[in-house]
Amino acid sequence: MITKLRFSALLKLLPVAAVLTLGACTSTPDLVCNGPSSNNIEVAIGQAKTAMREGCATYFDDYFADLMHIAEGDPKPENKRAFSDFLMWASDEGILNKRQAQTWYNRYFAVKFVSLMGDYNNCSSTCPRRDDVMARMEIELKHKEQGLMRVSGDKSGYYRADRLLQEAELVLAATCSACEQGT
Amino acid sequence: MRNSPWRQYAANAGGALALAAFLSLATSLEARAAADGPTIRLFPTTVIEDIRQTGFVAQEMETGLQDVISRLDQQQELFLQSKCDGAENDPGCDQIARQLGDTYMEMLTVMGDLLPDMEHAVNGTRASLEKRLRTEIGNKMSPWTMQETLLGNRPDGTAKVEPRLRGRSGLRLSERFRQYHDLVAHNAGGSDDSLAVVAADIYLDMSEASDLIARTQQEISRATLMGQLNQSFGLITPEMQQVVSGVKSILFGDPDAAAVVAGPPVDDDDGVYRSPLEM
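Worth saying up front: this structure is predicted, and the values here are computed from it rather than measured.

*Asks:* If you had to explain the overall build of chain B to someone new, which residues and values would you point to?
*Replies:* Across its full length, chain B carries eight helices and zero strands. Going from the N terminus to the C terminus, chain B shows its helices and strands as α-α-α-α-α-α-α-α. Burial statistics for chain B: of 279 residues in total, 44% are counted as buried.

So this is what it looks like as structure tokens:
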């Protein structure tokens, strides 16, 4: 649910407000981080950008969640580009680094799982924590359901992600058993 | 009944039948491997040869069991038609019961005779696949490259149109392997991604079959003794009937079982937006 002023943001502002109140001589205005008010995703993204430029960048996660929720109201393929542009903007502004922007995007809008990454081989890096990896992938699939299916209307992409998860589970079960036998 | 030896025989019989499908699968894999120039070698000649050998053994077991089960069927029908169920001290019924017991024991014998060969073949296939999986996917691949392999190494991320099997489905083994064969034999555009799933599935099945064979061999003496005892009393126990039904359902299929194979994904990726952020 989108609100004019997000509750989480209000909570976070309480200490700031207290400090400002106590500091009688200060002239700094209260920082109020409103959530996007428009139900049009392009407009909402503009509002979020403005708010983050004006000091609310700390709440990037909340803005992203709000924007995703708004986009669910009008699922369309173009939303992928809108969010990609938004994340690249966040990267350009220094709110996120490049890697974080990639992770955000891929977690929600790509078929492959960022939860299943690593530079080392499967026997040494994935198998020892296979249960944890699978649990993270399950959570990521929920994010993909939101990003691919509910925001972008990309059913095919979501089904491929779902299939990939199941196949990765199968292949890892066999591979990790094979790795274990070889040690 | 979970630990019934016949249940385990049934499972082994299913494994045997399943492996029979490998006969043609092995040839197809070999042909495809040669055609594709695989980047991962999950099915080299040695593995295919193991599979082929296992297929021969499995076919023998299937043939032997089909015959004996067919006779069991006929005798069972005669037993029921003669209203022998519960009819004690009837000489005719006793004779049918003894015949049923004989056939039942014959089935045990067939299983017992073929199990050592089956065990050898299954363990050989499992060991060779185990080595390939460990080397090709476990040691040579990172989790990310594994994902790329499963998705088909398509740089544009588009979906394959070929159907692929869901891994550990509830399908009877023979049906699953028949579908493996269809998948490999009839999809000319297939690549390593399908093979990785097929290899994993076969390996897990072989592991399961190997465990079942070991447990079956432990049970076979006990089951034989039980069979002999029952036969001496001329009784057809519900357990025997249930076991025969189990073997039949695995060998010849369960018409009520629904196939659990995923269909091809909708290929509607034309013009899909690709973000520069996408990895």
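Once you've had a look at it, read on.
*Asks:* Please set out the overall build of chain A residue by residue, giving values where relevant.
*Replies:* Of regular secondary structure, chain A possesses eight helices and zero strands. Beginning at the N terminus, the succession of helices and strands in chain A can be written as α-α-α-α-α-α-α-α. Within chain A, buried positions represent 38% of all 183 residues. Contacts in chain A between residues at least 24 apart in sequence constitute 60% of all its contacts with a sequence separation of at least 6.

*Asks:* Mind laying out the interface of chain B and chain A, listing which residues take part and the relevant values?
*Replies:* Each side of the interface is counted separately: chain B has 38 residues, and chain A has 44 residues. Those elements that place two or more of their residues in the side of chain B that touches chain A are α4 (91–139), α5 (143–151) and α7 (192–232) of chain B. Among the elements that take part in the side of chain B that touches chain A, α7 of chain B stands out by supplying seven residues, more than any other. Among the residues making up the side of chain B that touches chain A, the classes are represented as 21 nonpolar, eight polar and nine charged.

*Asks:* Account for helix α7 (residues 130–151) of chain A, with residues named and values stated.
*Replies:* Residues and elements named next belong to chain A. In this model, α7 (22 residues) spans 30 Å end to end at C-alpha, consistent with the 32 Å of a helix rising 1.5 Å per residue. At Lys 144, α7 is bent by approximately 25 degrees, the largest bend along its length. Taken residue by residue, α7 has Val 133, Met 137, Glu 140, Lys 144, Gly 147, Leu 148 and Val 151 as its buried positions. Positive phi appears at Gly 153, one or two residues downstream of α7, with a value of about 65 degrees.

*Asks:* How would you sum up helix α3 (residues 60–72) of chain A? Please name residues and give values.
*Replies:* Residues and elements named next belong to chain A. Along its 13 residues, α3 runs 18 Å from first to last C-alpha, staying within 8% of the 18 Å computed at 1.5 Å per residue. Buried within α3 are the following residues: Tyr 63, Asp 66, Leu 67, Ile 70 and Ala 71. Looking down the long axis of α3, one finds its buried residues gathered within 135 degrees of arc, a one-sided arrangement. If you follow the buried residues of α3, they end up packed against α2 (41–56), α4 (78–92) and α7.

*Asks:* For the nonpolar core, give the residues involved together with the corresponding values.
*Replies:* The nonpolar side chains of a soluble globular protein tend to be buried with one another. In this structure, Val 171 of chain A together with Ala 199 and Ala 200 of chain B are the most contacted members of the largest nonpolar core, which totals 93 residues. Considering every element that reaches this core, the biggest residue donor is α4 of chain B, with 17 residues. Leaving out residues up to four positions away in the same chain, Val 171 of chain A has contacts with Ile 137, Met 146, Leu 150, Ala 196, Val 197 and Ala 200 of chain B.

*Asks:* For the packing of helix α8 (residues 155–182) of chain A against α4 of chain B, give the residues involved together with the corresponding values.
*Replies:* Put simply, α8 of chain A and α4 of chain B touch, their axes get as near as 8 Å, and they point 105 degrees apart. Taken together, the axis directions place α8 of chain A and α4 of chain B in an arrangement best described as roughly perpendicular. For the pair α8 of chain A and α4 of chain B, contact is made by Val 171, Ala 174, Thr 175, Ala 178, Cys 179, Gln 181 and Gly 182 of chain A and by Glu 130, Leu 133, Arg 134, Ile 137 and Gly 138 of chain B, respectively. Counted by class, the contact of α8 of chain A with α4 of chain B contains six nonpolar, four polar and two charged residues.

*Asks:* So what about the confidence of the model for chain B? Which residues, and what values?
*Replies:* Residue and element names in this part refer to chain B. Averaged over every residue, the pLDDT of chain B is 66; residues scoring 70 or more account for 52%. Summarising per-element confidence for chain B, the mean pLDDT is lowest in helix α1 (residues 5–20) (43) and highest in α5 (92). Note on residues 30–38: pLDDT is under 50 here. Beyond four places in sequence and across chains, it has eight contacts. Note on residues 183–190: pLDDT is under 50 here. Beyond four places in sequence and across chains, it has 13 contacts. Overall fold confidence (pTM) sits at 0.71, and the ipTM for the predicted complex is 0.82.

*Asks:* Before we move on, can you summarise the packing of α8 of chain A against α5 of chain B with the specific residues and values?
*Replies:* Where α8 of chain A meets α5 of chain B, the closest approach of the two axes is 10 Å, and the angle between their N-to-C directions is 120 degrees. One element, α8 of chain A, and the other, α5 of chain B, form an angle in the oblique class. Judged by the sense of rotation from one axis to the other, the crossing of α8 of chain A with α5 of chain B is right-handed. Listed contacts from α5 of chain B to Leu 164, Glu 167, Ala 168 and Val 171 of chain A of α8 of chain A are Met 146, Gln 147, Leu 150 and Leu 151 of chain B. Considering only residue class, the contact of α8 of chain A with α5 of chain B consists of six nonpolar, one polar and one charged.

Reading the values: the criteria
Each chain carries its own residue numbering, running from 1 in the written order of its sequence. Key to labels: chains lettered from A, ligands numbered from 1, both in the order written. Where totals are concerned, whole chains, interfaces and linings use all residues; where local detail is concerned, this predicted model gives features only for residues with pLDDT of at least 70, and gives and counts side-chain atom pairs only at 80 or more. Under the scheme used here, helices are H or I runs from DSSP no shorter than 4 residues and strands are E runs no shorter than 2 residues, and both carry numbers assigned from the N terminus. Remark: C-beta atoms are placed from the backbone, and a residue is labelled buried if 20 or more other C-beta atoms sit within 10 Å of its own, exposed if 12 or fewer do, or partly exposed between those counts. Here the contact rule is simple: place C-beta atoms from the backbone, and any two residues whose C-beta atoms are within 7 Å are in contact. The classification used treats Ala, Val, Leu, Ile, Met, Phe, Trp, Tyr, Cys and Pro as nonpolar, Asp, Glu, Lys and Arg as charged, and all other residues, Gly among them, as polar. By definition here, a helix of n residues has an expected span of 1.5 Å times n minus one. One axis fitted to the seven residues ending at a residue, another fitted to the seven starting there: the angle between these axes is the bend at that residue. Working note: the arc is built from the helix axis to C-beta atom directions. We define the nonpolar core as any set of buried residues of the types Ala, Val, Leu, Ile, Met, Phe, Trp, Tyr and Cys, connected via C-beta atoms lying within 7 Å of each other. Comment: axis = line fitted to C-alpha atoms, over the contacting stretch for helices; angle = value between 0 and 180 degrees taken between N-to-C directions. Comment on the angle field: the value is read as roughly parallel under 35 degrees, roughly antiparallel over 145, roughly perpendicular from 65 to 115, and oblique elsewhere. Across the chain, each position has a pLDDT score giving the predictor's confidence in that residue, from 0 to 100. If you view the pair so one helix is near and one far, a crossing is left-handed when the near helix is turned anticlockwise from the far one by less than a right angle, and right-handed when it is turned clockwise.

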